[in-house]
Amino acid sequence: MKIQYLWVIFTCMSFVAQAQHAKEEQAIDKVLSEFHQAAADANAKLYLNLLTDDAIFLGTDATERWTKTQFTDFVLPYFNQGKGWVYIAKERNVSLLSQHKVAFFDEVLENKKYGYCRGSGVLVQTDQGWKISQYNLTLLVPNDIVEQVTETIQTYQKTQ
């Protein structure tokens, strides 16, 4: 009889854990979606508030490793003119670590200028909810043309 009670307790705990996991994934999805919508709307306050104070943003150029302060300096001139950027999430994967305090994500994004890109990074649970601690934006290069792209980059770098 005790084994049956233990089984019921563990089963209930498992359902609670799965529900909590799903709730956190939804909250993370909401943060990332708000991040992209705020960029599209040139809403600097919301966009930057979704980053932790010690956040790092990695852009597509090798020189683009920005602290939140540096990234703010990059973003504000565009947003202050009402110019944002649109990245539409086509696919998103989220991995929560134990205790639901840290999450890793990757997402495939579509952008009119750059085509398909990948955003990846880390979110942390804060007193204000989930915030982005690191965001990495990369261009997706098909394997069939990666050598051409690499050669173009190398040629460009030699001229710099």
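Right, let's walk through the structure included here.

1. As for the pattern of salt bridges
What the rule picks out here adds up to 5 salt bridges. Salt-bridge contacts for lysine 68 lead to aspartate 53; the nearest nitrogen and oxygen are separated by 3.7 Å. Here lysine 68 is found in helix 3 (residues 68-80), whereas its partner aspartate 53 is found in strand 1 (residues 51-58), with 15 residues between them in sequence. Taking the relative accessible area as the measure of exposure, lysine 68 reaches 16% and is therefore buried. Residue classification places aspartate 53 among the exposed positions, given a relative accessible area of 72%. For glutamate 107, the salt bridge goes to arginine 92, with nearest N and O atoms at 2.7 Å. Highlighted residues: glutamate 107 in strand 4 (residues 102-111) and arginine 92 in strand 3 (residues 88-96), separated in sequence by 15 residues. In this structure glutamate 107 comes out as buried when scored by relative accessible area, which is 0%. A cluster of three or more residues bridged by salt bridges with shared partners is formed by Asp29, Arg92 and Glu107.

2. Digging into the sheet that holds strand 6 (residues 129-139)
Strand pairing in a sheet is mediated by backbone hydrogen bonds. Such pairs are either parallel or antiparallel. Strand order across the open sheet formed by 6 strands is 2-1-6-5-4-3, with mixed pairing between neighbours. Each edge of the open sheet carries a strand with a single partner, namely strand 2 (65-67) and strand 3. With strand direction ignored, the average angle separating the axes of adjacent strands in the sheet is 15 degrees. Where strand 3 and strand 4 come together, 8 bridges link them in antiparallel fashion. Along strand 4, the bridge assignment pairs leucine 96 with alanine 103. Across the face of the sheet, helix 3 comes into contact with strand 1 and strand 2 while running at roughly 100 degrees to strand 2.

Cut-off values and rules
Residues numbered from 1 in each chain as written. Predicted model: local features only at pLDDT ≥ 70, side-chain atom pairs only at ≥ 80, totals over all residues. Heavy atoms only, no water. Salt bridge = Lys/Arg side-chain N within 4 Å of Asp/Glu carboxyl O. Helix = DSSP H or I, 4+ residues; strand = E, 2+ residues; numbered from the N terminus. Buried < 20%, exposed > 50% of the residue type's maximum accessible area, 1.4 Å probe, protein only. Pairing = 2+ DSSP bridges. Axes fitted to C-alpha atoms, helices over the stretch in contact; angles between N-to-C directions. Contact = heavy atoms within 4.5 Å.

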